[in-house]
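The primary structure of each chain is shown beneath.
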Amino acid sequence: MEVLKEHSSDDEYIKKINQLSDELHKTNEFKDTRKERKELKKLDKKLTFYERFLEGLERDLDIDPGRLLGLTDGIFGMVMTLLVFGIALPELQIATYADFISFITTLLPTVGVTIVSFVFISSFWIYHHEFIKIKTLNMPYLWLNIFFLICISFIPFTTSLIGHYSHFFLAENLFGVNIFLTILTFLLVYLYADSKNFLEKKPSKKEKRYVINTFIIIMGFTVIVNLLDFNVSGNFIYLFLLVPVITTIRDIVQYRNI
């Protein structure tokens, strides 16, 4: 268009060229507008589907929270029982008292780790009843709680590993990762329940900070104990027995300051 105007001296001709240029410009704008509208319409449909999906996913379920609590208590009880079953009797018959003493001596590390795990699981059963009292729930919360229970359920297995193969760093790591994931999933369950107002009593900012800090301390403690247990001495695993002591002291200090 610009070339035609440059090579023409007729004003009427130039005027017609300008009109044609404006019409083409408007046509292109109209096409762009229609294209944008189609794209916006598609995006709107996607957003609508996403919003409906989220709304359906996060809606409160018609499930009695007491049933989830009963399932949780049942799994805790079963896991604690399996811990003791992990202490196996010898395959061969013990004939002499000396052999029996020798068997008991070799069994002591396994018994010690079992006691540690039992105390640790008992602590989490107490935390669950203390911090997670829910009045309602939805599907994401239900599955978060199930993932927490999965982590709890693996503790008898990783306890047996560390009881029999503590000289392998991988066995130590599996036990440590198991404990770490248990703490992490519990914290996620608590924070999600709080964000959705599922808790019977809404915690204050101070109370929530106390819970978060407590479990961050236990996480760090787990990493330190795991490293010391393998690199320095296998007896460092008994430091896990301090977890309920630490949380009890923090409880006393917390409620004293409220």
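In case you missed it, the structure is sitting above this.
Parameters at a glance
Throughout, a residue's number is its position along its own chain's written sequence, starting from 1. In view of the model being predicted, local features appear only for residues whose pLDDT reaches at least 70, and side-chain atom pairs are presented and counted only at 80 or more, with totals across whole chains, interfaces and linings using the full set of residues. Excluded from the side-chain calculation are hydrogens and water; included are all heavy atoms of the structure. Residues belong to one nonpolar core when they are buried, are Ala, Val, Leu, Ile, Met, Phe, Trp, Tyr or Cys, and are joined through side-chain atoms within 4.5 Å. Note on classification: 1.4 Å probe, protein chains only; a residue is buried when its accessible area is under 20% of the maximum for its type, exposed when over 50%, partly exposed between these limits. Going along the chain from the N terminus, every DSSP run of H or I of four or more residues is numbered as a helix, and every run of E of two or more is numbered as a strand. Contact definition: two residues touch when any of their heavy atoms are within 4.5 Å. Throughout this description, the term salt bridge denotes a Lys or Arg side-chain nitrogen within 4 Å of a carboxyl oxygen of Asp or Glu.

A. Broad picture of the nonpolar core. Counting residues in hydrophobic clusters, the biggest one holds 44 residues, and the most contacted among them are F124, F131, I134, Y141, F215 and F240. Here this core takes nine residues from helix α7 (residues 169-195), the largest share from any one element. Each residue touching F131, except ones within four places of it in the same chain, is listed here: F186, Y190, L199, Y210, V211 and F215.

B. Seen up close, unusual backbone geometry. Of note, the phi angle at N197 is positive, near 60 degrees, even though the residue is not glycine. Within the secondary structure, N197 is located in the loop between α7 and α8 (205-231).

C. Summary view of the pattern of salt bridges. One pass over the structure, following the stated rule, counts two salt bridges. Across the pair D194 and K202 runs a salt bridge, and its minimum N-O distance is 3.1 Å. Classification of D194 as buried rests on a relative accessible area of 3%. The partly exposed category is assigned to K202, whose relative accessible area is 49%. Notably, a salt bridge pairs D194 with K208, separated by 3.1 Å at the nearest N-O pair. One end of the pair, D194, is in helix α7; the other, K208, is in helix α8, with 14 residues separating them in the sequence. Ionic contacts of the salt-bridge type, sharing partners, join the residues D194, K202 and K208 into one network.

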